[in-house]
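Observations on the model geometry
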Amino acid sequence: MNFFDQWLERLRSRRDRLVADPRFQRWALKNPFTRPLARRGARAGLDLAAGFVYSQVLVACVQLKLLDALRDGPLGVDALAPRLALSEAATRRLLEAAASLNLIERRGGGYGLGLLGAAFAGNRAALMIVEHQPLLYADLTDPVALLRQEKRGRLADYWPYSDGDTPETLSAQQVAPYSAFMAATQPMVAQEALDAFDISRHRRVLDIGGGEGVFLTAAAARAPHLQLALFDLPAVAARAKVRLEEAGLLARTEIHGGDFLNDALPEGADVATLIRIVHDHDDASALKLLRNVRKALAPGATLLIIEGMSGVKGAEPLDAYYGFYTLAMGRGEPRRVEEIEALLRESGFGKFRLLRNALPMLASILVAEAV
Ligand SMILES: C[S@@+](CC[C@H](N)C(=O)[O-])C[C@H]1O[C@@H](n2cnc3c(N)ncnc32)[C@H](O)[C@@H]1O
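This write-up is about the structure you can find in this document. Residue numbering note: each chain is counted from 1, following its sequence as written. Side-chain atom pairs in this predicted model are given and counted only at pLDDT of 80 or more, local residue features only at pLDDT of at least 70, and totals for whole chains, interfaces and linings cover all residues.

**Some points on unusual backbone geometry**
Here is the rule we go by: Helix numbers and strand numbers start at the N terminus; a helix is a DSSP run of H or I with at least 4 residues, a strand a run of E with at least 2. In this scheme the burial state of a residue depends on its C-beta neighbours within 10 Å: 20 or more other such atoms mean buried, 12 or fewer mean exposed, and anything in between means partly exposed; the C-beta positions come from the backbone.
Even without being glycine, alanine 85 reaches a positive phi, approximately 55°. Position of alanine 85 relative to the elements: it lies in the loop between α5 (77–84) and α6 (88–100). The class for alanine 85 is exposed, based on 9 C-beta atoms found within 10 Å. The phi angle at asparagine 102 is positive, at roughly 60°, despite the residue not being glycine.

**Description of the site of the ligand**
Let me state the cut-off plainly: Only the C-beta atom matters for nearness: placed from the backbone, it must lie within 6 Å of the molecule or strand for the residue to count as near. Any residue that is not Ala, Val, Leu, Ile, Met, Phe, Trp, Tyr, Cys, Pro, Asp, Glu, Lys or Arg is counted as polar, Gly included; the first ten are nonpolar and the last four charged.
Of all residues adjacent to the ligand, which total 19 residues, the nearest are Met182, Gly209, Gly211, Phe260 and Arg276. Of the residues in the shell around the ligand, the class split is ten nonpolar, five polar and four charged.

**Some remarks on the environment of glycine 51**
The residue glycine 51 is located in helix α3 (residues 35–63) in this model. On the neighbour-count criterion, glycine 51 (11 C-beta atoms within 10 Å) is exposed. Sequence spacing of glycine 51 and glycine 314 is 263 residues, and the spatial spacing of their C-alpha atoms is 19 Å.

**Regarding the sheet that holds strand β8 (residues 349–354)**
Just so we agree on the cut-off: Only strands that DSSP links by at least two bridges are regarded as paired with each other. With axes taken as lines fitted to C-alpha atoms, and helix axes fitted only over the stretch in contact, angles between N-to-C directions fall between 0 and 180 degrees. Contacts here follow a simple rule: the backbone-placed C-beta atoms of the two residues must lie within 7 Å.
Read from one edge of the open sheet, seven strands run β5-β4-β3-β6-β7-β9-β8, paired in mixed fashion. The strands lining the two open edges of the sheet, one partner per strand, are β5 (253–257) and β8. Strand after strand, the sheet turns through a mean of 20° between neighbouring axes, direction not considered. When strand β4 (residues 227–232) meets β5, the two strands line up parallel, connected through five bridges. Bridging from a neighbouring strand, leucine 228 pairs with threonine 253 of β5. Each of β7 (302–307), β8 and β9 (364–370) touches helix α16 (residues 337–346); the most contacted strand, β8, lies at about 160° to it.

**Quick word on the packing of α5 against α6**
Put simply, the test is: Any angle that falls under 35 degrees is termed roughly parallel, while one over 145 is termed roughly antiparallel, one within 65 to 115 roughly perpendicular, and all others oblique.
Packing of α5 against α6 brings their axes to within 9 Å, and their N-to-C directions diverge by 105°. When the interaxial angle is binned, α5 and α6 end up roughly perpendicular. Listed contacts from α6 to Val77, Asp78, Leu80, Ala81 and Leu84 of α5 are Glu88, Thr91, Arg92 and Leu95. Among the residues making up the contact of α5 with α6, the classes are represented as five nonpolar, one polar and three charged.

Rendered as structure tokens:
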């Protein structure tokens, strides 16, 4: 540490000691000049402590389809109670809780969708993510046990490839829940990526861990000449075949089933994509995957890493959310852009570019070139 850093650290330590002192906290709340700041701090503390309850209020609203019920306009407790199959008292309690979180708003003598409620109501993928959350919440009831790896998370069963040595043997039944969930949430990621990256300049795209082909379908719509290739576990590749056939894209697409860590990947693509894949892996298997991808690409080919990345402005809470999500899942971690670049460099990629995109909270897009 240089002199300036030492001085700054002393200052910060003094501040921390002061703010931790209950007498200072009382003084800051009484003093009219410091009161707004003290109140903001107290509110931030309450939000952190109560965040789990807020999330459960949201889950209840989504499970009971309250937001759907309000889509056509405000309704009162008497009209809502039978639709939610709750007593009037319970309905009122839920509505007041949701209104206090600005998820809905009190109006017209009843309750209507506010800005946040309307945004949720119109976003099927976001609603599916909320409905998926109770699995994670069950695992988080004892976060310390999870951190000490004293228990196996339920999410590990939901993502069966995350702790098995032979993921390529997973059955259709085992992959169905996560695969359908990924397919339902993929369109918003695809739109984000394809708005930031012009895929129409490419000839052939290979989507590795491409799920049911939802990204390829979106890419095909933007670039009618683009040839498509998908690689995923055999049971997922079979689901992709059905979906791509329904989309009328089978003639343009090559579908491969296998293990992307151990099997050779199809060659010939001038752009490859890894979407929501690298953060599922620890460093050793991420390196193995990236080296395998590099082998399939000619020098000069492009690789896109598309996933939520730590430290990117606008994606700050990701370390908490995805850090604990991957902990419960049993594998992987969110990484900083520099950390992904280091893995890519070791695997034979260079010329990195982080694209600007609208919603880094959803995904960032890192472009690399095979060197
Ligand atoms: C988190 S999902 C992402 C799917 C898709 N890219 C998306 O964003 O919707 C991870 C994908 O990687 C696939 N996968 C996991 N391990 C694999 C392996 N060893 N070989 C091939 N695919 C694998 C899974 O089947 C799944 O489709």
